[in-house]
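Now for the letters of each chain:
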Amino acid sequence: DDQIEQERASQHLAGGCCALAAIYLMGKFYVANAGDSRAIIIRNGEIIPMSREFTPETERQRLQFLALLRPELLGKEFTHLEFPRRIQPTELGKKMLYRDQNMNGWAYKKIEEDDLKFPLIFGEGKKARMMATIGVTRGLGDHDLRVFSSNIHIKPFLSCFPEVRVYDLTQYEHCPDDVLVLGTDGLWDVTNDKEVAGVVMEVLTSYEPNDPCRYTMVAQELVVRSRGVLKERGWRLANDKLGSGDDISVFVIPLGGPGNYT
């Protein structure tokens with residue numbers, strides 16, 4: 001993240017990205033995730049999550065706590081409190097559900113003038129945004145990112161520190177059909193873990209266990225199915241729902257060596 005900031009200054013490069021990395025070291029896989037990409041292990045048909053997405057929803061309490069400690073970061077335009085919907089001026093003095101950085105559930109409060117400000121986190125699911133701007137809360141770069149038509153910087157709320165999960169390969173006997181799948185949000189937006197595992201099993205069983213290209217073909221099939229087919233109403237999946245409109249990158253990494261099959 002520091003290097004990206006240096007390049008921004010020296011080469012006038014802007015922008016940012018999420019990061020998902022898997023490192024094999026001394027019999028263990030270390031999977032580090034900063035952003036909304038995802039990694040899962042499929043072992044003997046079982047799905048083992050190896051990451052979680054970092055979004056305004058999943059990191060709500062961290063973001064709200066930072067905003068509480070440093071209210072100047074909100075630029076007098078936002079409130080760190082969360083409400084089920086936007087507050088209208090006519091609702092001043094009335095009671096409304098809210099939650100702060102210490103709350104998982106909701107409570108009631110009397111609406112005050114400050115509550116009319118735009119909430120730090122607004123929206124649900126993929127539409128959730130922090131400061132009405134960005135849908136991920138960890139990643140690299142974005143040092144210049146600001147709230148639209150303002151001088152409010154978003155970078156203080158973005159963390160470059162990943163969450164790391166460890167998987168010990170020596171604890172299990174792995175076969176050639178056991179894999180680690182790494183994918184960007186373009187895959188997971190339209191395909192869930194169970195569907196990905198189904199595609200993995202379907203494609204792997206159509207190739208010989210010792211065929212090295214079988215894993216590449218799984219990754220290719222996951223990309224193609226998530227993108228969909230171009231029709232009159234845009235890219236469509238097999239169920240006629242919209243295909244992924246985001247970037248789709250997939251790695252499929254075998255956990256077991258080639259087997260002795262006849």
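Residues numbered from 1 in each chain as written. Predicted model: local features only at pLDDT ≥ 70, side-chain atom pairs only at ≥ 80, totals over all residues. Heavy atoms only, no water.

**Concerning the pattern of salt bridges**
Using the criterion set out here, one finds 22 salt bridges in the structure. A single salt-bridge network, built from bridges that share partners, covers Asp 36, Lys 126, Asp 185 and Asp 189. (Salt bridge = Lys/Arg side-chain N within 4 Å of Asp/Glu carboxyl O.)

**A word on the nonpolar core**
Core analysis: the biggest nonpolar cluster contains 19 residues, and Val 179, Val 181, Val 196, Val 200, Leu 222, Val 250 and Val 252 have the highest contact counts within it. At the level of elements, strand 4 (38-43), strand 14 (179-183), helix 3 (185-188), helix 4 (193-204), helix 5 (214-227) and strand 17 (250-254) are the ones that each hand at least two residues to this core. Sorting elements by how many residues they give to this core places helix 4 first, with 6 residues. Listed in part, the 17 residues of the second largest apolar core include Leu 74, Val 136, Ile 154 and Phe 157. (Core = buried A, V, L, I, M, F, W, Y, C linked by side-chain atoms within 4.5 Å. Buried < 20%, exposed > 50% of the residue type's maximum accessible area, 1.4 Å probe, protein only. Helix = DSSP H or I, 4+ residues; strand = E, 2+ residues; numbered from the N terminus.)

**Quick notes on the UniProt feature "domain: PPM-type phosphatase" (unreviewed entry) in the chain**
Per the UniProt record, "domain: PPM-type phosphatase" (unreviewed entry) is found at residues 1-255. Its end C-alpha atoms 30 Å apart, residues 1-255 is made of 20% helix and 26% strand. (UniProt positions renumbered as here; feature names shortened; annotations may be inferred.)

**Some remarks on the environment of Ile 134**
Mapping Ile 134 onto the fold places it in the loop between strand 11 (129-130) and strand 12 (140-141). Remark: the alpha-carbon pair of Ile 134 and Leu 204, spanning 70 residues in sequence, is separated by 37 Å. What Ile 134 contacts, discounting residues up to four positions off in sequence, is Pro 56, Ala 128, Arg 129, Asp 142, Leu 145, Ile 154 and Leu 158. (Contact = heavy atoms within 4.5 Å.)

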